[in-house]
Structure formats: structure tokens, C-alpha cells
Amino acid sequence: MFEEIYRNKRMSPDNAAALVPEDASLTHGLAVCEPPAILEALGRRLRSGDLKHVSVYSMLPGRPVAESLLDPLLLDQVDAFSWFVGPADRGLVRTGLNYFIPNEFHQLPRFIREAMDLTVAVTTVSPMDRNGFFTFGLSNDYISAAARAAKVLIVEVNENMPRIFGDSLLHVSEVTAIVENSAPVPEIMPQPPRPEAEKIGKIVADLVPDEAVIQLGFGTLPAAVGKYLSGHRDLGIHTELFCPALMDLVRKGAATGAKKAFHRRKHCFTNALGNREMYDFLHDNPSAESYPVDYLNDPGVIARNPNMISINATIQVDLLGQCNSEYMAGSEYSGTGGQLDYVRGAYRSPGGKSVIAFYSTAKEGSVSRVVPRLPAGTVVTTPATDVHYLATEYGAVNLKGKCTRDRALAIIAIAHPRFRDELLKEAENMRLI
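These notes cover the structure that comes with them. All residue numbers here refer to positions counted from 1 along the written sequence of the relevant chain. Confidence filtering applies because this is a predicted model: local features only for residues at pLDDT of at least 70, side-chain atom pairs given and counted only at 80 or more, and all residues used for totals across whole chains, interfaces and linings. Hydrogens are left out, water is left out, and the side-chain values use all remaining heavy atoms of the structure.

## Observations concerning the overall build of the protein
Numbering of helices and strands runs from the N terminus, with a helix taken as a DSSP run of H or I at least four residues long and a strand as a DSSP run of E at least two residues long. Assigned secondary structure in the protein consists of 16 helices and 25 strands. Radius of gyration means the value over C-alpha atoms here, while the globule rule gives 2.2 Å times the residue count to the 0.38 power. The C-alpha radius of gyration computed for the protein amounts to 22 Å, which stays within 12% of the reference 22 Å derived for 433 residues, consistent with globular compactness. Along the longest, intermediate and shortest principal axes, the C-alpha atoms of the protein span 70 × 50 × 35 Å. Here, residues are in contact when the closest pair of their heavy atoms is within 4.5 Å. Sequence separation of 24 or more characterises 73% of the internal contacts of the protein that already satisfy a separation of 6 or more. Here, Shrake-Rupley sampling with a 1.4 Å probe gives the accessible areas, and only protein chains in the shown set may cover a residue. Of the accessible surface of the protein, which amounts to about 17100 Å², a share of 51% is contributed by carbon and sulfur atoms. We score Asp and Glu as negative and Lys and Arg as positive, and we do not count His or the chain ends. For the purpose of locating charges, the reference atoms are NZ of Lys, CZ of Arg, CG of Asp and CD of Glu. Side-chain charges of the protein comprise 44 positive and 50 negative groups, with the mean position of each set lying 6 Å from the other.

In C-alpha cells:
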């Protein structure tokens, strides 16, 4: 029965792309769930002039989207919007050819349902089972809401996409068109860490008690923290992103989820980035569960985990404790993502802590990441009122309950020693000390 429905909806990428109407609003799966065959077919339609206008909504777009929909030569036909900026669209945003939409990650499904009239959603899914169900694979986040809100849903079935448990099912009856492709799922790993990462990893790991529930962001510092958590007992995982560092903690027996207050013994996430080894680990693994981002990143849901510890990174911190984690050189560099979701959720958790970790310097030590004031116009990702712990290779400080004088002194104490005298002078000029 379901196989017949599948066959009737299966078509070539070009025929599926032909279902996208003029003036459509379109969104696509995040990162490794971008469907390359469908996107390439859409690019061909745009280049031929057959599709004259489409509005594209992306989050951290990758190469398939960049090459097919964000080609600067097509931007008279494409209105491009970003919920989170990445290498593929950073230059377009900086030059006014792509428009950033401020958001907190957990809000996106509501944006899609209430603030958009979404025409088309396209994404990669895992193969259909005998009961007619695909799964959203490595990206559940907002695409599960978009799939149900869009008038047209086109899925690219890829045998290499892991099948994921949790609230990740999509039935063949909900799908408009099916395209098959067997391209390798992209592998995305953090850059190699700086030497200071080891110190930061140990400092932050010491803030994490046994039986805590953890969230790790993507990047070199969260990976370093994960290394120093391997001796912990019965950690739980409730994280926006599942990454190889978390897989290692599960395999080493440090993360069991046995003491979690809910989703016990389950490693919960909304998307996953890593290598093929990690994808194979997640595939058909009943202990790994994916949920939509408006549930998983809801600060109230996060706070239900006692001893919730969130660990994220930032670009700059000023002497008031404000964190800029997304703005650089006068333009949006990335996005708020889920940082504020987890900062607020972790602090609301009984015994919880949020930690924002960063290298004390940038540009090979020539620039301090601790600054007296954020540059004019800079976006504040995490307000001073929300920041809990800050950590660098020079230590960790708890800002909660501190006056502006004590905050400034604490932050200067974890800045690079080369810049501390200058920061103290600026703190005096600002009447903070």
C-alpha cells in the first residue's frame, strides 16, 4: 500500500522542481539535510528563466544552496533571507544582497506557522519504512514545522541519511513529491583547536558535576570541554546540536542519561553535525532522539532538567558582561541561534549553570576579546542580565549578583594579561571602578 503511494509520488528532480510556482516562498533543510538534487534542479529552472522569482529562507546555508539559489548572478530573481548567517551567505549579507532575520532558534517554527505564507519546503529524509514513515534525519529543528506548513513538500530520499528516533517521523501521505538520491551526507567538523583550548576545556569541565545534563555548542571549545568530561558519571544530554564530542561521552560511558528527570536514558537533540562515524552511531539508535526546536530549545523545557549546564562560545565580551556572539566588522556574522535559549534555560534549572567560553585574544594574540565597550551598532547576543559564567584560558567567573564594579574586575581578571592594565584604565574612565 505505502509502496504504491511512494511510487506514484516519485519523480525526477526536474519534475519536482517544476512544482515550485512563480513568486514562491521556499525554505530548505538545515546543513546536512539540504537536498542537493532538488536544489540543483531549481537552480537550472532559475538560470533558464523558467522560474522568474522565488523568496528563499535559509539557516546556515551550505554549498548546495549557495551554488543553486544564492549565486549572485541569480539575485535579481531570488530574494534571499537568512535566519543564521554562514560562510555561504556572509558576503551577501554584508553587501545588502541577503537580509538577516533576527530570531532565537526556538522561535522559528512559530515564525513559519504565523508570520509566513510558506509555499514550498524541501529537505532530505531517511528512507521510508514498511509503515510509510520517513524521518527528518539529522535536522529536525524548524524543517519539521515547515514540512507541515508548506503547501508543497518535496523530499529527497537518501539511503545515507540516518534514521533517527524521537519526534522525527514524516509519513509518505504528507509528501507532495519524492526524489531519490544517494549522494554522501556532508561531513562537517570543527576547525583544529588553538593550544589554549585545552586549558579552557579543563576549567569549564570542572564546573560540571556528575549527573548534570549538558548542552555543547559547535566548535573547538565545546569539543575541548567534552574531552575533559570523559571521567564524569551519568551525564545527560539535552542539546541543540549533537556533535562527535557527545558521541565520545556516550561511548565512554560518561553520558548515560540514567539520572535525567525526563527523557531518561535518551540523548536528545534537534540537529547533528559531524562525520560519517557519528552518523552511523546515530542511525537506528533508540537512545538518540531528535525533537523540533520549538520544544527542545524552549527555555522552559530546558529548565526542567536539574543541574542543566549549557556551554557556548562568543566573539566579544565588554566590561558590563554583554556578549556579542554574532556580529563582526559592522555586519551580521552568524546569528543568535540557540545561545540565549540555553543561557536562560540553564539558569532557570535547579542547580543549573550557563557557561560562555572564549579565547582571551583573537588575531594571533594581537586583539583582546574582552573590550571596554562593544563597538557602536554591535548586536548583543546575551545581555549582561543573563550572563552567568564566563570562562577563558585564565579562569572562570560567576557574574550573577555582582555589581558593575565587581563584574568589571572579574572580567578583567580572565582577560589576557597583556591587556589588563588598559582595561583597568578604561574601567576607571567608565566610572565602573
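## Comments concerning the layout of surface pockets
Lining residues are those with an atom within 4 Å of a point, where the points come from a 1 Å grid over the protein atoms alone and group into cavities, where a 1.4 Å probe fits but cannot get out, or pockets, open sets with protein on both sides within 12 Å along at least five of seven lines. Grid points are joined across faces, edges and corners, and a volume is the space filled by probe spheres set on the points. Empty space within the second largest pocket amounts to approximately 200 Å³. Lining the second largest pocket are 16 residues, with A223, K227, P244, A245 and D248 positioned closest to its centre. Elements that contribute at least two residues to the lining of the second largest pocket include exactly α9 (220-227) and α10 (244-251). For this classification, the nonpolar set comprises Ala, Val, Leu, Ile, Met, Phe, Trp, Tyr, Cys and Pro, the charged set comprises Asp, Glu, Lys and Arg, and every other residue, Gly included, is treated as polar. Grouping the constituent residues of the lining of the second largest pocket by class yields nine nonpolar, four polar and three charged.

## Comments concerning the nonpolar core
Grouped burial of nonpolar side chains is what soluble globular proteins tend to show. If you look at the biggest cluster of nonpolar residues, it comprises 76 residues, and the most contacted ones within it are F134, L138, Y142, I214, F242 and L282. For this core, the leading source of residues is α10, giving five residues. Only buried residues count toward a nonpolar core, which is a set of Ala, Val, Leu, Ile, Met, Phe, Trp, Tyr and Cys residues joined through side-chain atoms within 4.5 Å. The cut-offs for exposure are 20% and 50% of the maximum accessible area for each residue type, with area from a 1.4 Å probe on protein chains only; residues under the lower value are buried, those over the upper are exposed, and the others partly exposed. Within the second largest apolar cluster, 28 residues are counted, among which are A16, L74, I154 and V179.

## Digging into the pattern of salt bridges
Salt bridge criterion: a side-chain nitrogen from Lys or Arg within 4 Å of a carboxyl oxygen from Asp or Glu. This structure, assessed with the given rule, holds 21 salt bridges. Note that R110 and E114 form a salt bridge whose closest N and O atoms lie 3.0 Å from each other. Within this pair, R110 and its partner E114 are both found in helix α6 (residues 108-115), separated by four residues, close to a single helical turn. E114 shares its class with R110; the two are exposed. The residue D117 makes a salt bridge to K151 at a minimum N-O spacing of 2.4 Å. Residue D117 is found in the loop between α6 and β5 (120-125), and its partner K151 is found in the loop between α7 (143-149) and β7 (152-158); the two are separated by 34 residues along the sequence. Through salt bridges with shared partners, a single ionic network connects E104, R344 and D386.

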